[in-house]
Amino acid sequence: MSIAELPVDKTDELKIVKDATCTFCGCVCDDMELTVEGNKITKAKNACVLGKSWFFNHHIEDSPEATIAGQPVPFEEAVEKAADILLAATYPITYGLSDTTSEAQRVAIAITDWIGGTIDTTTSVCHGPSGMAFQGVGEVTCSLGEIKNRADFVLFWGCNPAEGHPRHFTRYSLMPKGQFLPNGRKDRTAVLIDVRKTKTARAMDYYLQLKPRSDFELAWALRGIAAGVEVDPDIEQITGIPLDMLEDLVSKMKEAKFGVIMFGMGLTMTRGKHINTEAVLALARDMNKYTRFAAKPLRGHGNVTGADNIVAWSTGYPFGVNLNRGYPRFNPGEFTTSDTLARGEADAALIIASDPMSNFSNPAREHLSKIPTVVLDPKLSETAKIATVAFTSATYGINTPGTVYRMDDVPIPLRPAFESPYRSDQTILTAIETRIREKQLAAL
Amino acid sequence: MAEEFILIPGRTSKQGTTLNEGKYTDGYLEEISTLQICEQDMQRLGLSDGDQVRMWNEIGEVTVPCKTSKGDELPPGLLFISYGMWSSALMGGDTQGSGMPDSKGLDVFLEPA
Ligand code: SF4
């Protein structure tokens, strides 16, 4: 079927979509009021600057529905070729998935299982190390609603929500009046620990400037202070923060009724990675000897938390899972996409809603450009450009319904604004899965 | 002469908004290719906003325009660039068994181009 034959809403009728969900960042704010004129969103009430640019820039582009080696082809032909590529591979990898619905994520996992492939998501290059740390020391967790209603002490570590999650402060963590915080911001103490004095620092009561790559040492110093261990004042040389400031911070943490540490990729992307995060999670756990304390990762993409959840409840592990032996094996560093590509192991890739050709290391990109790939993306990207088979897909949340998980693991439904002539990721993946099964059963 | 710095790639709100406008728009490409340097380091290196600088490590090399970082956002010795193709060019493939390549806190050399 060509794209012209698919239904398109050509009317210029004005429509208001209430309680729509923004899927640009992990806050997935579900209080959007969208004004839709035909195939265009013209107003996005309640959206932040990032949300507005998300809603205003996802109109329908004039791309072919499917291509093989850059040439437009009918949808069925592209599905056939995609199935052939994935079935012929001995080490196929599935990657991406943080910007699509959980319904589509589920089908991607099923495909990977049928072909004995490796499933990984953008989590591995975002909070993957946090996922490893959760397994190592556990996660003292809470919902954003609890933070809103209870947290009188909020510590942001290695993150910049003022720029990455603009409504986090106003909706959940800093400004809102909560059940136990009737005066909102005035009832909270806010601290930032970061190597850069970002815009987030301006919204805080205290800012501690950390020397790069000393998060681990700082977290352990704080754990030591909290436990009454004598910490060497030389800690200032290592972390850049004087010991008395750290002692003061620990007293404030102990005095809190409900404290929370929200951490970002300053921890997970810097040398130490999961060890950094483990130290911070252990600090939050330790603090429960004195008061109630939790730690939450700030998740970036709209449904990256869904990707972790769906991969975890399907395979038992959150990312980097190999299904080649008929049972799941988890091993970051072995089955994660940066590695399977940089080492030249993967011999075909199914990539959904992500752009590794822009974000990955040189050796990983070089290898990816040499192997056959099936790519699903609503927009043209460096990865879509090199795809053997490329599908233009409908944008989740704007064109397709479904479920996404907020950064605190709460599932949120999507309310689409207008119909797209393109198919959803779920529909495209289901077509590929069906064809793969037909071919596998025919070969029995 | 080249000096050693620590590079922190990260997100900015302009990177986020221009990303939605499109990865091939001038706004996005400008945002992800501009290196931020603190005022003291700019002065010491004799750099003005818009000057080209060469930045490299054992992985790769890029030549990009620089600009003075706002206020006291960056301490001396630290550089900032928005995530994108240029930051990726300096990122190695090794993940030390974690799945995550070193993507922040990269040791780099810098000199005016
Ligand atoms: S904070 Fe995130 S989810 Fe909420 S409107 Fe802004 S970009 Fe969208």
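Just so we're clear, the structure is a prediction, and the values are computed from it rather than from any experiment. (Residues numbered from 1 in each chain as written. Chains lettered and ligands numbered in written order. Predicted model: local features only at pLDDT ≥ 70, side-chain atom pairs only at ≥ 80, totals over all residues. Heavy atoms only, no water.)

Q: Even after reading the chapter, I still don't get the UniProt feature "domain: Molybdopterin dinucleotide-binding" (unreviewed entry) in chain B, so can you show me in this structure?
A: In the numbering used here, UniProt assigns the "domain: Molybdopterin dinucleotide-binding" (unreviewed entry) feature to residues 5–91 of chain B. Span residues 5–91 of chain B is 31% helix and 31% strand, its end C-alpha atoms 15 Å apart. (UniProt positions renumbered as here; feature names shortened; annotations may be inferred. Helix = DSSP H or I, 4+ residues; strand = E, 2+ residues; numbered from the N terminus.)

Q: Hey, could you run me through the pattern of salt bridges in this one?
A: Side-chain pairing between opposite charges can occur once the charged atoms of the two side chains come close. All told, the structure shown has 28 salt bridges over all chains when counted by the stated rule. Notably, a salt bridge pairs Arg 44 of chain B with Glu 3 of chain B, separated by 2.4 Å at the nearest N-O pair. With a gap of 41 residues between them, Arg 44 of chain B in helix H3 (residues 39–44) and Glu 3 of chain B in strand S1 (residues 3–10) connect regions that are remote in the sequence. Taking the relative accessible area as the measure of exposure, Glu 3 of chain B reaches 23% and is therefore partly exposed. What emerges from the salt-bridge pattern is a single network uniting Glu 80, Asp 84, Arg 435, Glu 438 and Lys 439 of chain A. (Salt bridge = Lys/Arg side-chain N within 4 Å of Asp/Glu carboxyl O. Buried < 20%, exposed > 50% of the residue type's maximum accessible area, 1.4 Å probe, protein only.)

Q: Explanation requested: the packing of aromatic side chains in the structure shown.
A: Two aromatic rings, taken as a pair, are described by how far apart their centres are and by the angle between their planes. One pass over the structure, following the stated rule, counts 10 aromatic pairs over all chains. Between Trp 56 of chain B and Phe 109 of chain B the ring centres are 5.7 Å apart and the planes differ by 25°, which places this aromatic pair in the stacked class. In this pair, Trp 56 of chain B sits in strand S3 (residues 52–56) while Phe 109 of chain B sits in strand S6 (residues 106–112), placing the two residues 53 residues apart along the sequence. Put simply, the rings of Phe 24, Trp 54 and Tyr 396 of chain A touch in pairs and so form one group of aromatic residues. The residue whose ring lies beneath Arg 223 of chain A is Trp 220 of chain A, and the NZ or CZ to ring-centre distance is 4.4 Å. (Phe/Tyr/Trp six-rings, centres within 6.5 Å; stacked < 30°, edge-to-face > 60°. Lys NZ or Arg CZ within 6 Å of the ring centre and 35° of its normal.)

Q: Could you clarify how one ought to interpret the sheet that holds strand S8 (residues 153–157) of chain A in this entry?
A: Across a sheet, strands are paired by hydrogen bonds formed along the backbone, either parallel or antiparallel in direction. Residue and element names in this part refer to chain A. Spatial ordering of the open sheet is given by S10-S9-S8-S11-S12, a layout of five strands whose pairing is parallel. Each edge of the open sheet carries a strand with a single partner, namely strand S10 (206–209) and strand S12 (292–297). Strand-to-strand, the axes of this sheet are offset by a mean angle of 15°, without reference to chain direction. As paired elements, S8 and strand S9 (residues 189–194) share five bridges and run parallel to each other. Bridging across to S9, Phe 156 finds its partner in Leu 192. Seen against the sheet, helix H11 (residues 243–255) touches S8, S9, S10, strand S11 (258–263) and S12 and runs at an angle of roughly 135° to S8. Docked against the sheet, helix H13 (residues 274–287) engages S8, S11 and S12, running at close to 175° with respect to S11. (Pairing = 2+ DSSP bridges. Axes fitted to C-alpha atoms, helices over the stretch in contact; angles between N-to-C directions. Contact = heavy atoms within 4.5 Å.)

Q: Explain the site of the ligand to me, please; I cannot follow it from the model alone.
A: In the vicinity of the ligand, the residues found are Cys 22, Phe 24, Cys 25, Cys 27, Val 28, Cys 29, Met 32, Cys 48, Leu 50, Gly 51 and Arg 167 of chain A. Of the residues contributing to the shell around the ligand, the split by class is nine nonpolar, one polar and one charged. (Near = heavy atom within 4 Å. Nonpolar A, V, L, I, M, F, W, Y, C, P; charged D, E, K, R; others polar.)

Q: Help me understand the sheet that holds strand S2 (residues 32–37) of chain A, please; the structure alone is not making it clear to me.
A: Residues and elements named next belong to chain A. Here we have three strands laid out as an open sheet, ordered S1-S2-S3, and antiparallel in their pairing. The open sheet has two edge strands with one neighbour each: strand S1 (14–20) and strand S3 (40–45). The average angle at which neighbouring strand axes cross in this sheet is 25°, direction not considered. Pairing of S2 with S3 involves five bridges; the strand directions are antiparallel. Bridge pairing links Glu 37 to Lys 40 in S3.

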